[in-house]
Amino acid sequence: MALVLLLLPVVNALRERHGFAEADDASFCLRKCCRPKCNDRDFGAKQFRFQNCTVKVNEPIYRGDKRFCEETCTISFNTSFYNEVTEVKAWRESGMDDYQCYLLEKPCHVTPTCSGQTYELRAWKGVWQFQNCSSRGGDTESAKTCAETCTVLHTNEPKKVLVKRDLLSGLCRIQDPGLKEYAVDFVEQLEKTALTLPTGRYRELPLVKQPSTIKRFLSHLEEEVIVPEKLAAEGRGFSREITARHLAIIGDLHGQLFNLIAWLIYIKEQYQDKGFSELEGSSLLICDPQLKYVFLGDYVDRGERGLEVLLLLLAYKARCPEGLVLLQGNHESPEVWDNYGFKAELWYKVKMVPYTFRDVVRHLPYVAVVPGKYMFVHGGLSPQFVKKCSGKAGRFGACLDEATAISVTWADPHEGRGWVQSPRGRGVYKFGVDIAKAFLDSNNLHAIWRGHEQMEEGSSNITFDDHYVFTIFSSADYVGVFCLQGRRPLAAPPWDRRMFAGPGQNNAGGCMLVDSQQNLSSSTLLQLSGDQARQLAAQFTGAKCAGRSLLEEGSQVLESPDLESPDLESPDLESPDLESSIQENHERLVSSGHNTSCSLGEAETNSLKEEVRKILITAKNREFEARKLIDLQGEALIHSDQEAVQICKAMKRDRVTLEVYKELRGADQEVLDIDINTREHELEAHSDG
């Protein structure tokens, strides 16, 4: 009490000085917001200055454990677009000597100023002038913008649009310019810019900086292109009919933007004498009624730029709807994205969940048909598909339900007869040549074009009785990155360094050009190695790795990267051999909690050994085929309803595959030793003679 009496004269003097003499409580100004402090304080980049501030509410604002005071001020705009003063609310931290004043609400209720301004739209090749604008009063995407509703002249009809006004510059632009405008911008960025950003810098791409733009693009695309095309197709819309004469068939891309760019360059060169029209605004895509690009699925997962690949293909589809068929593969599924990288990539780059993309992708077709000629599918024939769709003359839309359609994305062919259990999991089968022939004949077709299987040479062909099953795999250097140091990744994508620790599979990629009015013998098979694809893409984009062009001296040996950013750490790993790869993968599964006891059983083990032996004994590259088998056994986990047990069994199958691989490699070494000894004896005998 004595202390209060001593301080009372000082408090009264302060109250009189600052106009609070009416307060009865002597301690009022020690615990309340008493006087304004934001006068002459700058907000933002010194564009606004708070003036004439007053305190109208003496109760503080609590945010967590901090207390703020609210003031009412006027601000004047230091730009040529504004000549008025408006009242705003500001807040500052209470009781602080060093503080900053912020806007509690943006001055969006000032007189609208967008009327008379113009906005250029590249997709429409025109300029829109904003007219009759009115203020919406709220912000749109950021704290630096306000919204106005304006009228523009659109296709000779007035149209209302939402306009964003930048508070600092006063410039106005359309918040949602529409599908075509987004697509033009996406094509330009993804063709020319995306590949120039080194590993770890993906988020510097302008469209990636604005995830809301991607969401609006996908929403427009689904509503205006993808769903209408599906509804226009027969039946449930899971099949498409192709009438174009020329076909460019591209298989699995798996997030490798450099491969996609290289194929588009290569294809364009092949057709340069045909006089085909090109897509305006694109340097790569032909958009002509005589040519159809048929993509066989698996656009994402296992690659470092799955987001960019998928967005570029969807932007092409938006700009040239009739020019592309985008089929669904088994990797167009959130369940698979969870396991093979796209989910982690999306979250790392744009903080999006997979279902944002799945809402669009789920409407894409599973099968396409050139009547009387060919069918296109990601995987192949499944028992369900054959049962429901035989004898339909290639009109599969009416017989394809979604479950059956999904089953065809997992199927593979084999050169024998009948159905064979697939290593991809329970309920998945390989189809024999007799099944393929009967199905094709029943639909008056002659060939199946499919992807789904990694091929060392980029493609393969099973021929039987004037029928064909073609496999096209376009991801050259599968699970490889764009920038290499020697034969190793220069830097591994941050969301899964383990997946990209090796140098890629060193396989070629394939693509097929077909004239549907000619015999298949006249088709053109294109082939690219991983390095050839990198160099084509680098030549087109000007992309460099660690500051050095991939075209210099034709070399892939690069300088060391700048490691200032942790995202650019380069894994100091040699290319793992098959046994090391298996061991690392198993350690990862066990550390993730996927560990339990299980047994394959003697019969299952012997059957698996025999199957693996048949595959490896005839393979040109046994290690390549062994890695492929192990990969397929990993995919089997997607079908598992007892995950821990199935993972355990998959690990045991890996060991069986390794055992057979070592056994055959040992046999090869023994034969080689005999050959060497024989050759030495021959030389000795020759010398003695």
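Before reading further, recall that the structure is shown in the block above.
Residues numbered from 1 in each chain as written. Predicted model: local features only at pLDDT ≥ 70, side-chain atom pairs only at ≥ 80, totals over all residues. Heavy atoms only, no water.

Structural notes on the pattern of salt bridges
Line of reasoning, step 1. Counted according to the given criterion, the structure contains 26 salt bridges.
Line of reasoning, step 2. Residues Arg122 and Asp185 are paired through a salt bridge, measuring 3.2 Å at the closest nitrogen-oxygen approach. Taken together, the positions of Arg122 in the loop between β7 (118-121) and β8 (126-129) and Asp185 in helix α3 (residues 179-192) put the pair 63 residues apart, joining distant regions of the chain.
Line of reasoning, step 3. For Asp185, a relative accessible area of 27% puts it in the partly exposed group.
Line of reasoning, step 4. The residue Asp434 makes a salt bridge to Arg417 at a minimum N-O spacing of 3.9 Å. (Salt bridge = Lys/Arg side-chain N within 4 Å of Asp/Glu carboxyl O. Helix = DSSP H or I, 4+ residues; strand = E, 2+ residues; numbered from the N terminus. Buried < 20%, exposed > 50% of the residue type's maximum accessible area, 1.4 Å probe, protein only.)

Concerning a nonpolar patch on the surface
Line of reasoning, step 1. Together, Trp347, Val353 and Tyr355 make up an exposed nonpolar region whose accessible area comes to about 350 Å².
Line of reasoning, step 2. Taking the relative accessible area as the measure of exposure, Val353 reaches 46% and is therefore partly exposed. (Patch = residues over 30% accessible without salt bridge, like charges linked within 9 Å, V, L, I, M, F, W, Y side chains within 5 Å. Areas by Shrake-Rupley, 256 points an atom, 1.4 Å probe, with all protein chains shown as cover.)

What to know about the packing of aromatic side chains
Line of reasoning, step 1. Counted under the stated rule, the structure contains 21 aromatic pairs.
Line of reasoning, step 2. Note on Tyr293 and Phe295: the rings are 6.4 Å apart at their centroids and 20° apart in plane angle, and the pair reads as stacked. The exposure classification of Tyr293 matches that of Phe295, with both residues buried.
Line of reasoning, step 3. On the basis of an interplanar angle of 15° and a centroid distance of 6.4 Å, the ring pair of Phe376 and Trp449 is categorised as stacked. One end of the pair, Phe376, is in strand β18 (residues 374-377); the other, Trp449, is in strand β22 (residues 447-450), and 73 residues separate them in sequence.
Line of reasoning, step 4. According to the relative accessible area criterion, Trp449 is buried, its value standing at 0%. (Phe/Tyr/Trp six-rings, centres within 6.5 Å; stacked < 30°, edge-to-face > 60°.)

Describing the pairing of β7
Line of reasoning, step 1. Covered by surrounding structure in β7 are Tyr119 and Leu121 only, the residues Thr118 and Glu120 on the alternate face being uncovered.
Line of reasoning, step 2. Two elements, β7 and β8, share four bridges in a ladder whose sense is antiparallel. Opposite Tyr119, over in β8, you have Trp128 as the bridge partner.
Line of reasoning, step 3. Taking the residues between adjacent antiparallel strands as the criterion, β7 and β8 are bridged by four residues, where Lys125 takes a positive phi near 50°. (Pairing = 2+ DSSP bridges.)

Honestly, it's all geometry; don't read function into it.
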